[in-house]
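These are the residues of each chain, in order.
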Amino acid sequence: MVGDRKGIEEKTTTWDKVIVDRQGDLSEWVSLLKKIQERRIMILAFANNHYAGFGPGTVHLFRRLCGMEAPRMVHPPERKGQQHSLFD
């Protein structure tokens, strides 16, 4: 799920919450992908922040619509003046 970069950046420049409701679109994808999964074809799905404003939120919704348990989202503590690293 890759969104319209210019369109979403007109609405937000922070990527910490869902800005665009994509439930309808994702429901259609889930319906289609379930048919593919029945044929035992491996499916890899990816989402970026530009799709709905928050990539992890998109993944959470997608998993919920698939009937999968969503992992607990953990937000690291705020560190002022420093960018988070991969290992924080």
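Reading guide: rules and limits
- Numbers given for residues are sequential positions, taken from 1 along each chain in its written order.
- Since the coordinates come from a predicted model, pLDDT governs what is reported: local features require at least 70, and pairs of side-chain atoms require 80 or more to be given and counted, while whole-chain, interface and lining totals use all residues.
- As a convention, hydrogens and water are excluded, and side-chain values are obtained from all of the structure's heavy atoms.
- Every helix listed is a DSSP run of H or I at least four residues long, and every strand listed is a run of E at least two residues long, numbered separately from the N terminus.
- In this scheme, a helix's expected span is set at 1.5 Å multiplied by one less than its residue total.
- Buried, partly exposed and exposed residues are distinguished by accessible area as a fraction of the type maximum, computed with a 1.4 Å probe on protein chains only: under 20%, between the cut-offs, and over 50%, respectively.
- Arc definition: directions from the helix axis to the C-beta atoms.
- In what follows, a contact means two residues having at least one pair of non-hydrogen atoms within 4.5 Å.
- Definition of nonpolar core: a set of buried residues of the types Ala, Val, Leu, Ile, Met, Phe, Trp, Tyr and Cys, connected through side-chain atoms within 4.5 Å.
- Stacked, edge-to-face and tilted are the three classes for Phe, Tyr and Trp ring pairs, Trp counted by its six-membered ring, which pair at centre distances within 6.5 Å; planes under 30 degrees apart are stacked, over 60 edge-to-face, the rest tilted.
- By the criterion adopted, a ring carries a charge over it if an Arg CZ or a Lys NZ lies within 6 Å of its centre and within 35 degrees of its normal.
- Salt bridges, as used here, are contacts in which a Lys or Arg side-chain nitrogen is within 4 Å of a carboxyl oxygen on Asp or Glu.

Q: Any chance you could explain helix α2 (residues 23-38) here in plain terms?
A: Note: α-helices contain 3.6 residues per turn, so residues at a spacing of three or four share the same orientation. Across its 16 residues, α2 extends 22 Å between first and last C-alpha, which sits within 8% of the 22 Å expected from 1.5 Å per residue. Here α2 has its buried residues at Leu 26, Val 30 and Leu 33. Burial along α2 is one-sided: seen end-on, the buried residues are contained in an arc of 80°. Along α2, exposed side chains directed more than 90 degrees from the buried face belong to Glu 28, Lys 35 and Glu 38. Looking at the buried side of α2, the elements it contacts are α3 (49-52) and α4 (55-65). Taken from the residues just after α2, Arg 40 is the one with a positive phi, measuring 60°.

Q: Could you clarify how one ought to interpret the nonpolar core in this entry?
A: One recurring pattern in soluble globular proteins: nonpolar side chains tend to sit buried together. Ranked by size, the top nonpolar core spans eight residues in total: Met 1, Leu 26, Val 30, Leu 33, Tyr 51, Ala 52, Leu 61 and Phe 62. When contributions to this core are tallied by element, the ones reaching two or more residues are α2, α3 and α4. Looking at which element gives the most residues to this core, the answer is α2, with three residues.

Q: Is there a simple way to explain the packing of aromatic side chains in this structure?
A: Aromatic rings considered in pairs are described by the distance between their centres and by the relative angle of their planes. Under the definition given, this model contains zero aromatic pairs. The ring of Tyr 51 is capped by Arg 22, whose NZ or CZ atom sits 4.6 Å from the centre of that ring.

Q: Help me understand α4 in this model?
A: Regarding α4, the residues found buried are Gly 55, Gly 57, Thr 58, Leu 61 and Phe 62. End-on view of α4: buried residues confined to an arc of 160°, all on one side of the axis. The elements touched by buried residues of α4 are α2 and α3. Positive phi shows up at Gly 67, right after α4, with a value of about 85°.

Q: Where do I start with the pattern of salt bridges in this structure?
A: When the charged atoms of two side chains lie near each other, side chains of opposite charge can form a pair. Per the stated rule, a full pass over the model turns up three salt bridges. For the salt bridge of Arg 5 with Glu 9, the shortest nitrogen-to-oxygen distance reads 3.1 Å. Residue Arg 5 and its partner Glu 9 are located together in helix α1 (residues 5-9), separated by four residues, close to a single helical turn. Residue Glu 9 is classed as partly exposed on the basis of its relative accessible area of 32%. Residue Lys 17 pairs with Asp 16 through a salt bridge whose shortest N-O separation is 4.0 Å. Taking relative accessible area as the criterion, Lys 17 reaches 47% and is therefore assigned partly exposed. For Asp 16, a relative accessible area of 48% puts it in the partly exposed group.

Q: Quick question: what am I supposed to make of unusual backbone geometry here?
A: Glycine aside, residues mostly have negative phi angles, and peptide bonds mostly take the trans form. A positive phi angle, close to 60°, is found at Arg 40, a residue other than glycine. Relative to the assigned elements, Arg 40 resides in the loop between α2 and α3. Here Arg 40 falls in the exposed class, since its relative accessible area comes to 78%.

Keep in mind these numbers describe shape, not what the thing actually does.
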